[in-house]
Each structure stands twice: as C-alpha cells, then as structure tokens.
Amino acid sequence: MADRHAVLLMAYGTPETADQVEPYFTHIRGGRAPTPESVARLRERYRRVGGRTRLLDITRQVASALQDDLSRAGSERPVYVGMKHWHPFIGDVVREISDSGVQQLTAIALAPHYSRISIGGYRRAIEEAQRDLPTPLCVALVERWHAEPSFLDMMATLVQEGLSRFPASERGQVMTVFSAHSLPERIRSWDDPYERELLESSAQVAGRVGLSEWRFAWQSAGETGESWIGPDIVDYLDTLHAEGVRSVLQVPIGFVSEHLEIYWDIDIEAKEKAADLGMRLERTELPNARPDFVRVLAAVVRASESRPCS
Ligand code: FEC
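Values in this document were obtained by computation on a predicted structure and should not be read as measured data.

Conventions and cut-offs
- Residues numbered from 1 in each chain as written.
- Predicted model: local features only at pLDDT ≥ 70, side-chain atom pairs only at ≥ 80, totals over all residues.
- Heavy atoms only, no water.
- Donors = N, O, S within 2.8 Å, 3.2 Å for Na, K, Ca; no water.
- Helix = DSSP H or I, 4+ residues; strand = E, 2+ residues; numbered from the N terminus.
- Pairing = 2+ DSSP bridges.
- Axes fitted to C-alpha atoms, helices over the stretch in contact; angles between N-to-C directions.
- Contact = heavy atoms within 4.5 Å.
- Phe/Tyr/Trp six-rings, centres within 6.5 Å; stacked < 30°, edge-to-face > 60°.
- Buried < 20%, exposed > 50% of the residue type's maximum accessible area, 1.4 Å probe, protein only.
- Lys NZ or Arg CZ within 6 Å of the ring centre and 35° of its normal.
- Expected span 1.5 Å × (residues − 1).
- Arc of directions from axis to C-beta.
- Near = heavy atom within 4 Å.
- Polar contact = N/O pair within 3.5 Å; in protein donor to acceptor, adjacent residues only side chain to side chain.
- Nonpolar A, V, L, I, M, F, W, Y, C, P; charged D, E, K, R; others polar.
- Core = buried A, V, L, I, M, F, W, Y, C linked by side-chain atoms within 4.5 Å.
- Salt bridge = Lys/Arg side-chain N within 4 Å of Asp/Glu carboxyl O.

The subject of this paragraph is the coordination of the iron atom of the ligand. What the protein offers the iron atom of the ligand as a donor is a single atom, Tyr12 (OH), at 2.4 Å. Structurally, Tyr12 can be placed in the loop between strand 1 (5-11) and helix 1 (21-28).

Shown next, in the form of structure tokens:
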C-alpha cells in the first residue's frame, strides 16, 4: 500500500483573547516572561486592532482551499494547520497527524523567505514533536519558496493593484517600498540568507512591474535590547520625505497573511507617521486565501513531494 501522505500548513500563531496575550508573548520569548509593561503594551495593540487578528482563520481558509486544489489535481491528502507560538501548536498537530496513520508529511510555513530564526523555529517545533512519536514521520520541510515564479507573478499583480489606487497623474511619483519583519543584526554573523532572499524577490517583482526605482525597509523590530536590521520603515519615511517623496506604496513581501504586524505596524504606525509628514501611504493587499496564492502553495507542495523526505 502506498504511504499515506499529509500536508502541514504552518503559521506564526495569534492569541484569541486578552488573557492569552501574556502566555503567547512568553512562548515567543522562548519561555522567558515579559515585563508587565510590555505585556500591557502588546495587549493594547491587540485591543486597537479589534481584540484579535484573523491569522488563524486565514490559515484555515488557505489550508482548506489548498486541500481542494491538491485533490482536484489528483493528490488527495489532508492539509492540517499548525502554529509556532499558539494553539493549535505544531507539536500537537504533528502527533495528531501521526495518530491518524499518516507516514509522509510535507510541511510548509506561511513565510516565503528562509531565516534560521523564523523557518528554523518551525523546523525545531516539528523535530521536537517527532522525538516523542513511536515511529517518526518522513518529513519534507519546504524551507523557502520566495523564488517560485507564480509567487513573484502574484506579488507583481498585487503591486500593480496597489499602484492603481493612486490617481493616474500621481502614479509616476509613487515610491514602492518593499518590507519584511526585521531580525536581530546578529543573523549577519552566521550569513543568514534572509536579507539576500528578500532583496532577490523584491527585485524580481519590481522587474515584473517595470518599476524604475524601488526601496527596501524593515518593520516590526522587537524591543529586545539588541540591534535589529534597519532602516525601520517608520524612520525611513523621514528619509523619503526629505528626498521629496510624497506617495508611498508599501509592499510587505515578507508576509502573506493579515495579522498584527500588518494591522499595527503598517496600518496604524506607518500610516500615522506618513500622515504627520503630509505623505500618502498605501499598502498592497495581502495574499491571504486568494485563489492565485493557493495555486502558488499547491505548486510548491507538489514540487516538494517529488523530492525525498527524511
Ligand atoms: O497576528 C498575530 O497575532 C501574530 C503576528 C506576528 C507575526 C510575526 C511574524 C514574525 N515574527 C518574527 C520574528 C520575531 C522575533 C521576535 C518577535 C516578537 C513578536 C511579538 C509579537 C509578534 N512577534 Fe514576531 N510576529 C508576530 C507577532 N517576532 C506580538 C512580541 C512583541 C514584539 O516584539 O512586538 C522577538 C522575540 C523575542 O523577544 O525574543 C525575532 C518573524 C516573523 C515572520 C516569519 C515567521 O512566521 O516566523 C521572522 C505574523
């Protein structure tokens, strides 16, 4: 009998209630309790964006559409959802998958670019769960998919849609700024490919759209006491303003779903800063569960299934 196969679609995780913010934040920090002040600050951010984010709902929608897409193409397999920092935790889901009799698993995170901090964290969560299984699953983890041509095409469509929100007379002056989650600068000491991959995919998208000029800035840096990669988009708006830029399209190419880092860092913080400077800032729509995005994931999963798992 052929090995039973499943797909695990992974995302960051999000608290569902204000009470869950503290244990969620503690988990993100690897078990170190945050200060009451930083918990209060984070709770306030969730309150300002409506109490919770849609990250889990969106991930479930994507999983269900991906399962349908794979099955239409003749690869009938369940697509599970697992989160790195909150329920349903990856570890619990991997155990459930194993209990269901599955032997082979393709795991993919809703994060297109590789960093040892981000994708490495998804890998570690799977490996820890595997250690407790009577028979470990044969797992193929997709580490990166930022160069998948259909992903770049879809991002180009999103940039074109974003640019079309500006009046035609202004469009030529809009500065397109790609962005992604910042990480601590120490990732450079181990030659992490994260920055390189982000610049590669941004350049590919800019080329497809035919942008004569574009920039890259960082967002969502943590307050951990160490240096994070910059410039941060909020500070970078000052630089752009000084250059005479008045219209900005932000393209959060490192993210594919709506969540706190979009609602807070872009829709509130960056937009408020832009308004203070008399600038107009728009952002591209997130792929969320768009059919063309589901097709991107299906293509990546199918390509990964043709390689051996381990
Ligand atoms: O909608 C939601 O509720 C979840 C939004 C969310 C996403 C997300 C994605 C990434 N993070 C990455 C790295 C770090 C590092 C730290 C860190 C801290 C936080 C905090 C919150 C948070 N992150 Fe996050 N991240 C999201 C939310 N993140 C909340 C804690 C408060 C704060 O610092 O703002 C610092 C950890 C530490 O303190 O030791 C590092 C990366 C991604 C994108 C790729 C991925 O999925 O892993 C990288 C979504």
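Taking strand neighbours across the sheet as the criterion, the four strands line up as 2-1-3-4 in an open arrangement whose pairing is parallel. Edge positions in the open sheet fall to strand 2 (79-83) and strand 4 (138-142), since each of these has one partner strand only. Sheet twist, expressed as the average angle between the axes of neighbouring strands with direction ignored, equals 25 degrees. Sheet topology note: the strand 1/strand 2 ladder contains five bridges and is parallel. By the bridge assignment, Leu9 is partnered in strand 2 with Val81. Where helix 4 (residues 90-99) meets the sheet, its contacts fall on strand 1, strand 2 and strand 3 (104-109), and the angle it forms with strand 2 comes to roughly 150 degrees. Across the sheet, helix 12 (residues 291-305) touches strand 1, strand 3 and strand 4, and the angle it forms with strand 3 is around 140 degrees.

Once that is clear, we can look at the packing of aromatic side chains. Considering all chains together, one arrives at eight aromatic pairs under this definition. Ring centres of Tyr24 and Trp86 lie 6.3 Å apart, and the angle between their planes is 90 degrees; on these two criteria the pair is classed as edge-to-face. With Tyr24 in helix 1 and Trp86 in the loop between strand 2 and helix 4, the pair connects residues that are 62 residues apart, well separated along the chain. You'll find Tyr24 and Trp86 in the same group, each marked buried. Measuring from centroid to centroid gives 4.9 Å for Phe216 and Trp218, while their planes differ by 65 degrees, and the two rings are edge-to-face. Both residues of the pair, Phe216 and Trp218, count as buried. A network of ring pairs unites the aromatic residues Tyr24, Tyr46, Trp86 and Phe89 as a single cluster. Here the guanidinium or amino end of Lys84 rests over the ring plane of Tyr122, the centre of that ring lying 4.0 Å away. One Lys or Arg, Arg280, reaches over the ring of Phe166 and ends 4.7 Å from the middle of that ring.

What follows covers helix 3 (residues 55-72). Look at helix 3: 26 Å from first C-alpha to last across 18 residues, which is about the 26 Å you get at 1.5 Å a residue. Taken residue by residue, helix 3 has Leu55, Leu56, Ile58, Thr59, Val62, Ala63, Leu66, Asp69 and Leu70 as its buried positions. End-on, the buried residues of helix 3 take up no more than an arc of 150 degrees, which puts them together on one face. Buried-residue contacts for helix 3 involve strand 1, strand 2 and helix 12. Downstream of helix 3 by a residue or two, Gly74 has a phi angle that is positive, lying close to 90 degrees.

What follows deals with the site of the ligand. Close contacts around the ligand come from 24 residues, with Tyr12, Thr14, Tyr46, Thr53 and Tyr122 the closest. Separating an oxygen atom of the ligand from a side-chain N or O atom of Thr14 is a distance of 2.6 Å. When residues of the shell around the ligand are traced back to their parent elements, those giving at least two are helix 1, helix 2 (36-48), helix 5 (118-131) and helix 10 (260-263). In terms of residue count, the dominant contributor to the shell around the ligand is helix 1 (three residues). Among the residues forming the shell around the ligand, the class breakdown is 12 nonpolar, eight polar and four charged.

Our next topic: the nonpolar core. Residues Leu66, Trp145, Phe151, Val205 and Leu297 are the most contacted members of the largest nonpolar core, which totals 50 residues. With residues near it in sequence (within four places) discarded, Val205 still touches Leu152, Met155, Ala156, Val159, Phe178 and Ile253. Ile90, Ala109, Ala129 and Leu137 belong to the second-largest nonpolar core, a separate cluster that totals 23 residues.

Attention now moves to the pattern of salt bridges. Applying the stated criterion across every chain, the model contains 28 salt bridges. With a closest N to O distance of 2.8 Å, Glu195 and Arg188 form a salt bridge. Judged by its relative accessible area of 18%, Glu195 is buried. Via salt bridges that share partners, Arg123, Glu127, Glu143, Arg144 and Glu197 belong to a single interconnected network.

Working note: α-helix, 3.6 residues per turn, so residues spaced by three or four point in the same direction. Along its 13 residues, helix 2 runs 18 Å from first to last C-alpha, staying within 8% of the 18 Å computed at 1.5 Å per residue. Buried residues of helix 2: Ser38, Val39, Leu42 and Tyr46, and no others. What you see down the axis of helix 2 is that its buried residues fit within an arc of 105 degrees, all on one side. Along helix 2, the residues that are exposed and aim more than 90 degrees away from the buried face are Pro36, Glu37 and Arg47. Elements that come into contact with the buried residues of helix 2 comprise helix 1 and helix 10. Backbone geometry just downstream of helix 2 places Gly50 in the positive-phi region, at approximately 105 degrees.

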